[in-house]
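# Chains, contacts and geometry: an overview
Chain residues, written in single-letter form:
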Amino acid sequence: MTSSSDFQKAIELVKKSERVLITTHLKPDGDACGSIAALCELLNSLGKKVRPLVLSPVPQWYAFLFAEKVTVLDEDVRLEDLRAERFDLIIIVDTNSTSQLPQFDEYLKQSDAPVLVIDHHETSDGLGDVELNDRSAAAAGLIVFELLRHAGWAVTESIARALFVAIATDTGWFQFSNTNSRTLGACAELIDAGARPMDIYANLYQNFSHARFRLMVVMLSSLELHLDGRYAAMQLTQRDFQQTGAALGDTESLINECHRIGTVKASALFIEFKDGRIRCSLRSRGGLDVSQIALKFGGGGHTMSAGTFLPGPLENARELVLKEMQTRL
Ligand SMILES: [Mn+2]
């Protein structure tokens, strides 16, 4: 849990700021998008100028959280433009790792604005002047919610919806072990504040494009089971993206599908990037700490959900992870 004095420091930082830049990790997920959307609305209501920034595009199924398209670094804005805007507060949500902030870490080094980090990951590079680091929080959005409660700032209907998305997605719609009374208690309050779970569920999970569904079918047909069915490996090549018409962001959470197989304790999804690197996402049912495997290759994450980059080609990356699974599972 975050200490009262840390909340107080964060509140002071926010209160004295005027121009705030908010960002998050590469490949923003529901927690990242929900937390940014909630903080933007909050800061606007407090009379601040807010600039949300993502390092790769917001997936289309989180677009409903934002009134306007969120600025993407390098696509819509360059680092030089950001420097010219002279922010007096930088907020980083859902990560505290330079490896998750490509290019933006350069900007951070040259900026003298104070940094507020709101994060719940195990790995930390200590990027913040003030940090709300709470590893027991199910989502960064839960810490944002507790910050608002602590400060007495209003939880409006759209803030409630955004924070519900953050918590619901980071708990796998309340399936993971981080679903507890603290998580559900916060969600109950968010529902009272206007979040509508049925609408949110439809927006998040019944909203596939046909291209994304085709990509899922291709991914599922690549499935291989190893170690008596305990380890499931799947892959997606650049060709798969071209043939299905899907984008990289369309892969989010698809890996979880193979955990419907009863024997599967851990899984990996290998995605071939344009530059030849392989992005490996890892999941476990909890018996194996997959963040240890990710860490070994320079990545990070949580016990049940982690990721890393691996050298290509695909077969090489798959072999590296299979060896790890053989010794650990
Ligand atoms: Mn998160």
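Basis of the calculations
Residues numbered from 1 in each chain as written. Predicted model: local features only at pLDDT ≥ 70, side-chain atom pairs only at ≥ 80, totals over all residues. Heavy atoms only, no water. Buried < 20%, exposed > 50% of the residue type's maximum accessible area, 1.4 Å probe, protein only. Helix = DSSP H or I, 4+ residues; strand = E, 2+ residues; numbered from the N terminus. Pairing = 2+ DSSP bridges. Right-handed = clockwise from strand over helix to strand, strands pointing away. Core = buried A, V, L, I, M, F, W, Y, C linked by side-chain atoms within 4.5 Å. Contact = heavy atoms within 4.5 Å. Domains from an automatic or database assignment. Buried area = accessible area lost by both parts, 1.4 Å probe. Salt bridge = Lys/Arg side-chain N within 4 Å of Asp/Glu carboxyl O. Polar contact = N/O pair within 3.5 Å; in protein donor to acceptor, adjacent residues only side chain to side chain. Nonpolar A, V, L, I, M, F, W, Y, C, P; charged D, E, K, R; others polar. Disulfide = S-S within 2.5 Å. Axes fitted to C-alpha atoms, helices over the stretch in contact; angles between N-to-C directions. Phe/Tyr/Trp six-rings, centres within 6.5 Å; stacked < 30°, edge-to-face > 60°. Lys NZ or Arg CZ within 6 Å of the ring centre and 35° of its normal.

Glancing now at the pairing of strand 4 (residues 89-93). Across the 5 residues that make up strand 4, a large majority, 5, are buried. As paired elements, strand 1 (residues 19-24) and strand 4 share 5 bridges and run parallel to each other. Residue pairing in the sheet places Val-20 in a bridge with Leu-89 of strand 4. The sheet contact formed by strand 4 and strand 5 (residues 115-119) spans 4 bridges and is parallel. Each residue of the ladder has a partner; that of Ile-92, found in strand 5, is Val-117. Note on the crossover from strand 4 through helix 4 (residues 104-110) to strand 5: the handedness is right-handed.

Once that is clear, we can look at the nonpolar core. Counting 55 residues, the largest nonpolar core has Leu-65, Ile-91, Leu-116, Ile-118 and Leu-190 as the members making the most contacts within it. In this view, Leu-65 contacts Cys-33, Gly-34, Ala-37, Arg-161, Ala-162 and Val-165; residues no more than four positions away in its chain are not counted. Counting 19 residues, the second-largest nonpolar core is a separate cluster that includes Tyr-231, Phe-270, Ala-306 and Leu-314.

Domain parsing of the chain yields domain 1 (4-204) and domain 2 (211-328). One C-alpha centre belongs to domain 1, the other to domain 2; they are set 26 Å apart. Taken as a group, Lys-27, Trp-61 and Thr-123 account for 48% of the area that domain 1 buries against domain 2, more than any other trio of residues on that side. There are 0 salt bridges connecting domain 1 and domain 2. One can count 3 residue pairs in polar contact (both at pLDDT 80 or more) joining domain 1 with domain 2. Looking at side-chain class alone, the side of domain 1 that touches domain 2 contains 5 nonpolar, 5 polar and 3 charged residues.

The next thing to look at is the state of the cysteines. Going through the model one piece at a time under the given rule, you end up with 0 disulfides. The thiol of Cys-33 is unpaired, and the distance to the nearest cysteine sulfur, on Cys-40, comes to 11 Å.

This part takes up the sheet that holds strand 2 (residues 49-54). With parallel pairing, the 6 strands of this open sheet are ordered in space as 3-2-1-4-5-6. Strands at the two margins of the open sheet, each flanked by one partner only, are strand 3 (71-72) and strand 6 (130-133). Strands in contact with helix 1 (residues 4-16) are strand 4, strand 5 and strand 6; relative to strand 6, the strand with the most contacts, it is inclined by about 130°. Against the sheet, helix 2 (residues 30-45) touches strand 1, strand 2, strand 4 and strand 5, its axis set at about 170° to strand 1.

Before going further, it helps to examine the packing of aromatic side chains. Scanning the model with the defined rule gives 10 aromatic pairs in all. Relative to Tyr-62, the ring of Trp-61 has its centre 6.1 Å away and its plane inclined at 55°; by these criteria the two rings are tilted. A relative accessible area of 4% means that Trp-61 is categorised as buried. Ring centres 5.9 Å apart and planes at 65° place the aromatic pair Phe-164 and Trp-173 in the edge-to-face group. In this structure Phe-164 comes out as buried when scored by relative accessible area, which is 2%. Residue classification places Trp-173 among the partly exposed residues on the basis of a relative accessible area of 21%. Cluster of aromatic residues (ring-pair linked, three or more members): Phe-164, Trp-173, Phe-174, Tyr-201 and Tyr-205. Its end group placed over the ring of Phe-208, Arg-212 keeps NZ or CZ at 4.2 Å from the ring centre. Its guanidinium or amino end placed over the ring of Phe-309, Arg-277 lies 3.9 Å from that ring's centre, counting from NZ or CZ.

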